[in-house]
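Below, each chain spelled out in residue letters.
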Amino acid sequence: MAQVQTVRGAVDTAELGRTFMHEHVFVLTADVQQNYPEEWGSEDDRVADAVRKLTELAGRGIRTIVDPTVIGLGRYIPRIQRIAEQVRDLNIVVATGLYTYDAVPFFFSSRGPALNAVLGTEVPDPMVDMFVNDIEEGITGTGVRAGLLKCAIDHQGLTSGVERVMRAVAKAHRRTGVPITVHTHPGTKTGLEVQRVLGEEGVDPRRVVLGHSGDSNDADHLAALADGGFLLGFDRFGLHSAKTFEERTEILVEMCRRGYAESIVLSQDTSCYIDWIAPDIMPLLADWTYTHILDAVLPYVRERGVTEDQIETMLVANPRRYFESTGAY
């Protein structure tokens, strides 16, 4: 039976159960937090708050969350380990990769392919070995192995930095077999760029989630990507700043009506704490919680014809299938 790596070790994919495929525990700006930690406050209090929220989620029948927090989003695995040990009924799958909409971090600016022109030869990208090590050996000595790869492309499009990361992620995928999730900007149809670049790298689209696909109301565009083999992340439920509740749920209803439940995974892309948003703004995002899908979305779509079989497909069967083929290429 296939297995997937979680914070507490490998589990059989049959044990994943109902899965939210794009949530975070914390989203942090590491340099700011290290130098100006006042807002963060007590580490113990933050951990206790996360344990409380995730315990509530597990008590509602969610067995797994996929946390694609990577470099650029403040990944710190020892803290996640501490939380996971206290929430034994929830699997947490963590990621490796790099999150940028534009340039690579300065660390990589004079390494690897950045030196190709100067040296007159192809220089391997150190990102690839870093990602592979996180998958095969574990992250920063914790023993926790990444269960997926993450990269991003936003409205800036396929910049040289974004393309470099995406190709490094693809190469690490080819070496390890772990699946990929990509932050996309469906309003500018960046999924088409993902399709082209990952296709050139030999990635099977069935191993790829196109994150934030639910930000689009263009059912024809989403259907074309699904027909190409991709899983579509409908993963910002509860975040009403860009799309209303009705817009986010009606496109889900429409895609299910068209027969695409087998191409959709669900989540909220929320967190216990995100330092990108001022604390006094968070009360305006009261629905952006780990249980919004359970509390509001599923009742709404059931009333509009989405079946229990389709819901189980999106929450159980599709995540399991995404992780099933984890052997190296």
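Within each chain, residue numbers correspond to sequence positions counted from 1 in written order. Side-chain atom pairs in this predicted model are given and counted only at pLDDT of 80 or more, local residue features only at pLDDT of at least 70, and totals for whole chains, interfaces and linings cover all residues. Hydrogens and waters are ignored; side-chain quantities use all the structure's heavy atoms.

Digging into the nonpolar core
Formally: In plain words, nonpolar cores are sets of buried Ala, Val, Leu, Ile, Met, Phe, Trp, Tyr and Cys residues tied together by side-chain atoms within 4.5 Å. Using a 1.4 Å probe on the protein chains alone, a residue whose accessible area is under 20% of its type maximum counts as buried, one over 50% counts as exposed, and one in between counts as partly exposed. Strands here are runs of E lasting at least two residues and helices are runs of H or I lasting at least four, both read from the DSSP assignment and numbered beginning at the N terminus. In this analysis, two residues are considered to be in contact whenever any of their non-hydrogen atoms come within 4.5 Å of each other.
F26, L54, F234, L252 and M255 are the most contacted members of the largest nonpolar core, which has 84 residues in total. Here the element with the most residues in this core is helix α6 (residues 160-176); it accounts for seven residues. Non-local contacts of L54, meaning those with residues more than four positions away in its chain, are made with V25, I65, I83, V87, L90, I92 and Y290.

A closer look at the environment of C256
If you trace the backbone, C256 turns up in helix α9 (residues 245-257). The sequence separation of C256 and I311 amounts to 55 residues, and the corresponding C-alpha distance is 9.4 Å. Sequence-distant contacts of C256, that is, excluding residues within four places in its chain, are made with A261, V306, Q310 and M314.

Considerations on helix α8 (residues 219-227)
Listed in full, the buried residues belonging to α8 are A219, H221, L222, A223, L225 and A226. Buried residues along α8 sit in contact with α7 (191-200), β9 (208-211), β10 (231-234) and α9. Backbone geometry just downstream of α8 places G229 in the positive-phi region, at approximately 110 degrees.

Regarding the pairing of β9
The condition that has to hold: Only when DSSP finds a minimum of two bridges between them are two strands counted as paired. Orient the strands so they point away from the viewer, and a crossover whose first-strand-to-second-strand path over the helix runs clockwise is right-handed.
Burial along β9 is two-sided: the residues V208 and L210 and V209 and G211 are all buried. With four bridges connecting them, strand β8 (residues 180-183) and β9 associate as parallel partners. Within β9, the position partnered with H183 by the bridge is G211. With α7 bridging β8 and the parallel β9, this β-α-β connection has right-handed handedness. Where β9 meets β10, two bridges bridge the pair, whose relative direction is parallel. Residue pairing across strands places V209 opposite L231, the latter belonging to β10. In the classification by handedness, the crossover that spans β9, the intervening α8 and the parallel β10 is right-handed.

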